[in-house]
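# Summary of structural features
Spelled out from the first residue to the last, the chains are:
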Amino acid sequence: MKRAFTLIELLVVIAIIAILAAILFPVFAQAKVAAKRTSELSNTKQLGLAVLMYAGDTDDVFPTAAVYDFSTDWNTAYWAPKTSPYVKSQGLYRSTLDSLPTDAPGGNAFGPWISFAANAVMGGPSMTDNVSTGIFGVVNAGWEGQSWFKGGIINGTGVTKPAETIMLAPKYSRDVKKLPGSTNWVGGNSSFVWPTQIIIWDYTGNDGGFYQDWGSATPDGTRQRGSNGRFLDYPYGDQGGVSTSDGKSDSSTSFVFSDGHAKGMRPAQTNPDGTGAPEKNMWNSKRN
(Lines give C-alpha, C1' and ligand atoms only; values in the text may rest on other atoms or scores of the structure.)
Protein backbone atom coordinates (compact mmCIF):
# COMPACT_ATOMS: atom_id res chain seq x y z
CA MET A 1 0.00 0.00 0.00
CA LYS A 2 1.32 3.40 -0.97
CA ARG A 3 2.00 5.71 1.91
CA ALA A 4 0.85 9.35 1.55
CA PHE A 5 2.57 12.34 3.08
CA THR A 6 1.09 13.48 6.34
CA LEU A 7 0.04 17.10 6.78
CA ILE A 8 2.97 17.73 9.08
CA GLU A 9 5.43 16.31 6.53
CA LEU A 10 3.97 18.51 3.80
CA LEU A 11 4.23 21.56 6.02
CA VAL A 12 7.87 20.71 6.81
CA VAL A 13 8.68 20.39 3.11
CA ILE A 14 6.95 23.69 2.35
CA ALA A 15 8.83 25.36 5.20
CA ILE A 16 12.16 24.02 3.91
CA ILE A 17 11.37 25.28 0.40
CA ALA A 18 10.41 28.69 1.81
CA ILE A 19 13.65 28.90 3.80
CA LEU A 20 15.73 27.92 0.78
CA ALA A 21 13.90 30.49 -1.34
CA ALA A 22 14.52 33.18 1.26
CA ILE A 23 18.22 32.31 1.23
CA LEU A 24 18.64 31.92 -2.51
CA PHE A 25 16.51 34.75 -3.93
CA PRO A 26 18.72 37.54 -2.48
CA VAL A 27 21.77 35.68 -3.81
CA PHE A 28 20.18 35.51 -7.26
CA ALA A 29 19.32 39.22 -7.07
CA GLN A 30 22.89 40.10 -6.07
CA ALA A 31 24.25 37.97 -8.91
CA LYS A 32 21.93 39.75 -11.34
CA VAL A 33 23.11 43.18 -10.18
CA ALA A 34 26.73 42.04 -10.36
CA ALA A 35 26.20 40.88 -13.95
CA LYS A 36 24.64 44.23 -14.83
CA ARG A 37 27.58 46.07 -13.24
CA THR A 38 29.97 44.01 -15.34
CA SER A 39 27.94 44.84 -18.45
CA GLU A 40 27.91 48.54 -17.54
CA LEU A 41 31.68 48.57 -17.01
CA SER A 42 32.14 46.98 -20.44
CA ASN A 43 29.78 49.49 -22.05
CA THR A 44 31.56 52.39 -20.38
CA LYS A 45 34.91 51.15 -21.64
CA GLN A 46 33.52 50.86 -25.18
CA LEU A 47 32.27 54.45 -25.01
CA GLY A 48 35.69 55.55 -23.81
CA LEU A 49 37.31 53.84 -26.79
CA ALA A 50 34.80 55.57 -29.06
CA VAL A 51 35.87 58.93 -27.64
CA LEU A 52 39.53 58.07 -28.23
CA MET A 53 38.80 57.01 -31.81
CA TYR A 54 36.96 60.28 -32.36
CA ALA A 55 39.99 62.15 -31.01
CA GLY A 56 42.23 60.12 -33.29
CA ASP A 57 40.30 61.45 -36.28
CA THR A 58 40.29 65.06 -35.04
CA ASP A 59 43.97 65.76 -34.36
CA ASP A 60 43.84 64.49 -30.77
CA VAL A 61 40.95 66.79 -29.81
CA PHE A 62 38.25 65.33 -27.56
CA PRO A 63 34.58 65.91 -28.45
CA THR A 64 33.09 69.14 -27.19
CA ALA A 65 29.98 69.20 -25.05
CA ALA A 66 27.38 71.79 -25.94
CA VAL A 67 25.77 73.87 -23.22
CA TYR A 68 22.13 74.79 -23.74
CA ASP A 69 22.88 75.40 -27.40
CA PHE A 70 19.83 75.95 -29.58
CA SER A 71 21.95 77.56 -32.29
CA THR A 72 23.15 74.26 -33.77
CA ASP A 73 21.67 70.91 -34.70
CA TRP A 74 21.15 68.99 -31.47
CA ASN A 75 21.94 65.74 -33.24
CA THR A 76 25.52 66.94 -33.75
CA ALA A 77 26.07 69.37 -30.87
CA TYR A 78 26.39 66.87 -28.03
CA TRP A 79 29.11 64.36 -27.24
CA ALA A 80 26.92 61.26 -27.59
CA PRO A 81 25.92 61.75 -31.25
CA LYS A 82 29.45 62.90 -32.06
CA THR A 83 30.85 59.58 -30.88
CA SER A 84 27.99 57.37 -32.11
CA PRO A 85 29.66 56.56 -35.48
CA TYR A 86 32.40 54.83 -33.50
CA VAL A 87 30.15 52.39 -31.60
CA LYS A 88 28.52 49.23 -32.92
CA SER A 89 25.26 49.67 -31.02
CA GLN A 90 23.43 52.71 -29.73
CA GLY A 91 22.49 50.55 -26.76
CA LEU A 92 25.95 51.19 -25.34
CA TYR A 93 24.72 54.62 -24.25
CA ARG A 94 22.21 52.91 -21.98
CA SER A 95 23.24 51.23 -18.74
CA THR A 96 21.61 47.93 -17.85
CA LEU A 97 21.27 49.39 -14.34
CA ASP A 98 19.20 52.36 -15.56
CA SER A 99 15.54 51.54 -15.06
CA LEU A 100 13.86 54.01 -17.43
CA PRO A 101 12.90 52.81 -20.92
CA THR A 102 14.83 53.93 -23.97
CA ASP A 103 13.25 56.49 -26.25
CA ALA A 104 13.62 55.85 -29.96
CA PRO A 105 16.37 58.09 -31.42
CA GLY A 106 14.76 61.26 -32.66
CA GLY A 107 11.47 60.29 -31.07
CA ASN A 108 11.72 63.01 -28.48
CA ALA A 109 12.35 66.70 -29.13
CA PHE A 110 15.08 66.48 -26.53
CA GLY A 111 16.66 63.32 -27.91
CA PRO A 112 17.01 59.79 -26.56
CA TRP A 113 17.76 58.90 -22.97
CA ILE A 114 21.36 58.08 -22.18
CA SER A 115 22.88 56.80 -18.95
CA PHE A 116 26.30 58.45 -18.90
CA ALA A 117 27.65 61.94 -18.44
CA ALA A 118 30.84 63.49 -19.81
CA ASN A 119 33.48 65.20 -17.70
CA ALA A 120 33.07 68.76 -18.96
CA VAL A 121 33.98 70.44 -15.67
CA MET A 122 34.69 74.15 -15.75
CA GLY A 123 36.78 75.57 -12.93
CA GLY A 124 37.71 73.92 -9.64
CA PRO A 125 40.00 74.48 -6.63
CA SER A 126 42.52 77.23 -7.39
CA MET A 127 41.10 77.42 -10.93
CA THR A 128 39.13 80.26 -12.49
CA ASP A 129 35.43 79.48 -12.73
CA ASN A 130 34.03 78.70 -16.19
CA VAL A 131 37.43 77.75 -17.62
CA SER A 132 37.40 74.21 -19.02
CA THR A 133 39.32 71.77 -16.85
CA GLY A 134 37.49 68.57 -17.78
CA ILE A 135 38.05 66.22 -20.73
CA PHE A 136 35.25 67.51 -22.93
CA GLY A 137 35.64 71.18 -23.75
CA VAL A 138 32.44 73.18 -23.44
CA VAL A 139 31.28 75.24 -26.40
CA ASN A 140 28.15 77.14 -27.28
CA ALA A 141 27.88 79.05 -30.54
CA GLY A 142 24.96 81.02 -29.14
CA TRP A 143 27.00 82.33 -26.22
CA GLU A 144 30.34 82.69 -27.95
CA GLY A 145 32.13 85.81 -26.80
CA GLN A 146 30.11 86.22 -23.60
CA SER A 147 32.38 87.46 -20.82
CA TRP A 148 31.52 84.69 -18.35
CA PHE A 149 31.83 81.83 -20.83
CA LYS A 150 35.41 80.62 -21.10
CA GLY A 151 34.95 77.09 -22.41
CA GLY A 152 37.65 75.62 -24.56
CA ILE A 153 39.06 72.75 -26.55
CA ILE A 154 40.80 69.88 -24.76
CA ASN A 155 43.32 67.62 -26.47
CA GLY A 156 44.90 64.40 -25.30
CA THR A 157 48.38 65.79 -24.85
CA GLY A 158 47.01 68.52 -22.59
CA VAL A 159 45.79 66.03 -19.99
CA THR A 160 48.46 65.86 -17.29
CA LYS A 161 47.38 62.55 -15.74
CA PRO A 162 45.41 60.60 -18.38
CA ALA A 163 45.23 57.37 -16.35
CA GLU A 164 43.83 59.29 -13.36
CA THR A 165 41.40 61.69 -15.03
CA ILE A 166 37.71 60.86 -15.41
CA MET A 167 36.27 60.85 -18.91
CA LEU A 168 32.77 59.40 -18.44
CA ALA A 169 30.64 58.42 -15.46
CA PRO A 170 27.15 56.98 -14.99
CA LYS A 171 24.33 59.47 -14.71
CA TYR A 172 21.13 57.50 -14.96
CA SER A 173 18.06 59.00 -16.54
CA ARG A 174 16.14 57.66 -13.56
CA ASP A 175 18.24 59.95 -11.35
CA VAL A 176 17.83 62.87 -13.73
CA LYS A 177 14.11 62.50 -13.11
CA LYS A 178 14.78 63.05 -9.39
CA LEU A 179 16.51 66.40 -9.83
CA PRO A 180 14.78 69.53 -8.50
CA GLY A 181 12.25 71.56 -10.47
CA SER A 182 14.88 73.64 -12.27
CA THR A 183 15.22 70.80 -14.78
CA ASN A 184 11.65 71.13 -15.99
CA TRP A 185 12.69 73.41 -18.82
CA VAL A 186 14.46 70.55 -20.59
CA GLY A 187 11.10 68.94 -21.33
CA GLY A 188 10.86 65.34 -19.93
CA ASN A 189 14.24 65.82 -18.22
CA SER A 190 15.89 63.91 -21.03
CA SER A 191 19.47 62.97 -20.20
CA PHE A 192 20.45 63.68 -23.80
CA VAL A 193 20.75 67.45 -23.40
CA TRP A 194 22.69 69.81 -21.22
CA PRO A 195 23.04 70.09 -18.38
CA THR A 196 22.01 66.52 -17.67
CA GLN A 197 24.41 64.85 -20.13
CA ILE A 198 27.53 66.33 -18.57
CA ILE A 199 29.21 66.96 -15.21
CA ILE A 200 30.13 70.62 -15.43
CA TRP A 201 30.48 72.25 -12.01
CA ASP A 202 33.15 71.57 -9.42
CA TYR A 203 31.65 71.68 -5.95
CA THR A 204 34.31 73.97 -4.53
CA GLY A 205 34.17 76.30 -7.52
CA ASN A 206 30.76 77.11 -8.96
CA ASP A 207 28.25 75.40 -6.68
CA GLY A 208 26.15 73.97 -9.48
CA GLY A 209 22.92 75.22 -7.96
CA PHE A 210 22.70 77.91 -10.61
CA TYR A 211 21.09 75.48 -13.02
CA GLN A 212 20.92 72.00 -11.60
CA ASP A 213 21.10 72.13 -7.82
CA TRP A 214 24.14 69.86 -7.75
CA GLY A 215 22.77 67.58 -10.47
CA SER A 216 25.74 68.44 -12.66
CA ALA A 217 28.30 68.76 -9.85
CA THR A 218 31.38 66.63 -9.27
CA PRO A 219 31.60 64.30 -6.28
CA ASP A 220 33.36 65.63 -3.20
CA GLY A 221 34.30 63.49 -0.22
CA THR A 222 33.99 66.41 2.19
CA ARG A 223 30.22 66.30 1.73
CA GLN A 224 30.11 62.67 2.75
CA ARG A 225 27.63 62.72 5.63
CA GLY A 226 24.77 64.89 6.73
CA SER A 227 23.86 66.01 10.23
CA ASN A 228 21.98 62.76 10.84
CA GLY A 229 25.15 60.74 10.22
CA ARG A 230 23.74 59.08 7.12
CA PHE A 231 24.80 59.52 3.50
CA LEU A 232 22.87 62.29 1.79
CA ASP A 233 20.61 61.44 -1.12
CA TYR A 234 21.51 61.98 -4.76
CA PRO A 235 22.58 64.51 -5.89
CA TYR A 236 23.38 66.36 -2.66
CA GLY A 237 25.74 63.82 -1.12
CA ASP A 238 29.39 63.14 -1.71
CA GLN A 239 28.55 61.42 -5.01
CA GLY A 240 27.51 64.70 -6.64
CA GLY A 241 25.77 64.08 -9.96
CA VAL A 242 27.18 60.55 -10.40
CA SER A 243 24.77 57.60 -10.22
CA THR A 244 25.27 54.27 -8.45
CA SER A 245 23.33 51.03 -8.91
CA ASP A 246 21.48 51.30 -5.60
CA GLY A 247 21.49 55.08 -5.32
CA LYS A 248 23.82 55.07 -2.30
CA SER A 249 26.91 57.22 -2.39
CA ASP A 250 29.06 54.60 -0.67
CA SER A 251 28.50 52.10 -3.48
CA SER A 252 30.90 51.50 -6.36
CA THR A 253 30.07 52.60 -9.89
CA SER A 254 31.76 52.55 -13.31
CA PHE A 255 34.21 55.19 -14.50
CA VAL A 256 36.22 55.40 -17.71
CA PHE A 257 39.44 57.42 -17.73
CA SER A 258 40.96 59.53 -20.46
CA ASP A 259 43.49 56.82 -21.39
CA GLY A 260 40.57 54.48 -22.15
CA HIS A 261 40.66 52.11 -19.17
CA ALA A 262 37.61 51.61 -16.98
CA LYS A 263 37.15 50.52 -13.39
CA GLY A 264 34.68 50.58 -10.54
CA MET A 265 35.10 53.15 -7.76
CA ARG A 266 33.04 54.93 -5.16
CA PRO A 267 32.21 58.41 -6.53
CA ALA A 268 33.85 60.17 -3.57
CA GLN A 269 37.14 58.43 -4.34
CA THR A 270 37.39 60.47 -7.54
CA ASN A 271 37.59 63.69 -5.52
CA PRO A 272 38.13 62.98 -1.82
CA ASP A 273 38.88 66.57 -0.81
CA GLY A 274 38.50 69.17 -3.55
CA THR A 275 39.87 72.01 -1.45
CA GLY A 276 42.44 70.28 0.75
CA ALA A 277 43.81 67.86 -1.86
CA PRO A 278 43.17 69.33 -5.34
CA GLU A 279 45.89 67.08 -6.77
CA LYS A 280 43.57 64.10 -6.13
CA ASN A 281 40.63 65.62 -8.00
CA MET A 282 40.26 63.19 -10.92
CA TRP A 283 37.88 65.57 -12.71
CA ASN A 284 40.59 68.17 -13.29
CA SER A 285 42.59 67.29 -16.41
CA LYS A 286 45.10 70.10 -15.80
CA ARG A 287 46.14 69.38 -12.24
CA ASN A 288 49.79 68.97 -11.24
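The rules we used
Residues numbered from 1 in each chain as written. Predicted model: local features only at pLDDT ≥ 70, side-chain atom pairs only at ≥ 80, totals over all residues. Heavy atoms only, no water. Helix = DSSP H or I, 4+ residues; strand = E, 2+ residues; numbered from the N terminus. Buried < 20%, exposed > 50% of the residue type's maximum accessible area, 1.4 Å probe, protein only. Contact = heavy atoms within 4.5 Å. Areas by Shrake-Rupley, 256 points an atom, 1.4 Å probe, with all protein chains shown as cover. Pairing = 2+ DSSP bridges. Patch = residues over 30% accessible without salt bridge, like charges linked within 9 Å, V, L, I, M, F, W, Y side chains within 5 Å. Salt bridge = Lys/Arg side-chain N within 4 Å of Asp/Glu carboxyl O. Phe/Tyr/Trp six-rings, centres within 6.5 Å; stacked < 30°, edge-to-face > 60°. Core = buried A, V, L, I, M, F, W, Y, C linked by side-chain atoms within 4.5 Å. pLDDT = per-residue confidence, 0-100. Lys, Arg positive; Asp, Glu negative; His and termini not counted. Polar contact = N/O pair within 3.5 Å; in protein donor to acceptor, adjacent residues only side chain to side chain.

Quick look at the overall build of the protein chain now. Looking only at helices and strands, one finds 4 helices and 8 strands in the protein chain. Counting from the amino terminus, the protein chain carries its helices and strands in the arrangement α-β-α-α-β-β-β-β-α-β-β-β. Across the 288 residues that make up the protein chain, the buried fraction comes to 48%. Pairs at least 24 residues apart make up 60% of the contacts formed inside the protein chain by residues separated by at least 6 positions. Accessible surface for the protein chain amounts to roughly 13300 Å². Of this, 59% is attributable to carbon and sulfur atoms.

What follows covers the pairing of strand β2 (residues 116-124). β2 sits mainly inside the fold: 9 of its 9 residues count as buried. Bridge count for β2 against strand β5 (residues 166-170) is 3 bridges, and the pairing is antiparallel. What sits directly across from Ala-117, in β5, is Ala-169. Direction of pairing for β2 relative to strand β6 (residues 198-201): parallel, over a ladder of 3 bridges. Bridge pairing links Met-122 to Trp-201 in β6.

In this structure, Asp-59 takes a positive phi of about 55° despite not being glycine. Position of Asp-59 among the secondary structure elements: in the loop between α1 (7-56) and β1 (65-66). Overall, the relative accessible area of 73% leaves Asp-59 in the exposed class.

Okay, a nonpolar patch on the surface next. Together, Leu-7, Leu-10, Leu-11 and Ile-14 make up a nonpolar patch on the protein surface, roughly 400 Å² of accessible area in all. As for its placement among the helices and strands, Ile-14 is situated in helix α1. With relative accessibility at 52%, the residue Ile-14 sits in the exposed group.

Looking now at the packing of aromatic side chains. Using the criterion set out here, one finds 4 aromatic pairs in the structure. Between Trp-79 and Tyr-93, the ring centres sit 6.0 Å apart and the planes meet at 55°, which makes this aromatic pair tilted. Separated by 14 residues along the polypeptide, Trp-79 in helix α3 (residues 79-83) and Tyr-93 in the loop between α3 and β2 bring together distant segments of the chain. Owing to a relative accessible area of 1%, Trp-79 belongs among the buried residues under this scheme. On the basis of relative accessibility, which here comes to 4%, the residue Tyr-93 falls in the buried class.

Core analysis: the largest hydrophobic core is formed by 27 residues, its most contacted members being Phe-62, Trp-79, Phe-136, Met-167 and Leu-168. When contributions to this core are tallied by element, the ones reaching two or more residues are α1, α3, β2, β5 and β6. Sequence-distant contacts of Leu-168, that is, excluding residues within four places in its chain, are made with Leu-47, Gly-48, Val-51, Trp-79, Ala-117, Ala-118, Phe-136, Ser-254, Phe-255 and Val-256. Counting residues in each nonpolar core, the second largest holds 11 residues, with Ile-199, Val-242, Met-265 and Met-282 among its members.

A separate point is the confidence of the model for the protein chain. Averaged over all residues, the pLDDT of the protein chain equals 76, while 68% of them reach at least 70. Of the regions scoring below 50 in pLDDT, residues 104-110 engages in 10 contacts with residues more than four places distant in sequence or in other chains. Contacts for the low-pLDDT stretch residues 206-210, under 50 throughout, to residues beyond four places or in other chains number 8 contacts.

Now for the pattern of salt bridges. In this structure the tally under the stated criterion is 2 salt bridges. Among the salt bridges present, the one from Arg-94 reaches Asp-98, with a minimum N-O distance of 3.6 Å. For the residue pair Arg-94 and Asp-98, the accessibility class agrees, reading buried in each case. Here Arg-287 and Glu-164 are joined by a salt bridge, their closest N and O atoms 3.9 Å apart. In this pair, Arg-287 sits in the segment after β8 (262-265) while Glu-164 sits in the loop between β4 (138-139) and β5, placing the two residues 123 residues apart along the sequence.

On to the pairing of β5, then. Of all 5 residues making up β5, 5 are buried, and the element is well covered by its neighbours. Here 2 bridges tie β5 to strand β7 (residues 253-257), and the two strands are oriented antiparallel to one another. Note that in β7 the partner of Ile-166 across the bridge is Phe-257.

Its place among the elements puts Pro-219 in the loop between β6 and β7. Sequence-wise, Pro-219 and Pro-272 are 53 residues apart; in three dimensions their C-alpha atoms are separated by 8.0 Å.

Here we take up the side chain of Lys-171. Turning to its location among the elements, Lys-171 is positioned in the loop between β5 and α4 (173-176). Although Lys-171 is buried, it forms no salt bridge, and the closest oppositely charged side chain is Asp-175 at an N-O distance of 9.4 Å. A distance of 3.3 Å separates the side chain of Lys-171 from the backbone oxygen of Ile-198, its partner in a polar contact.

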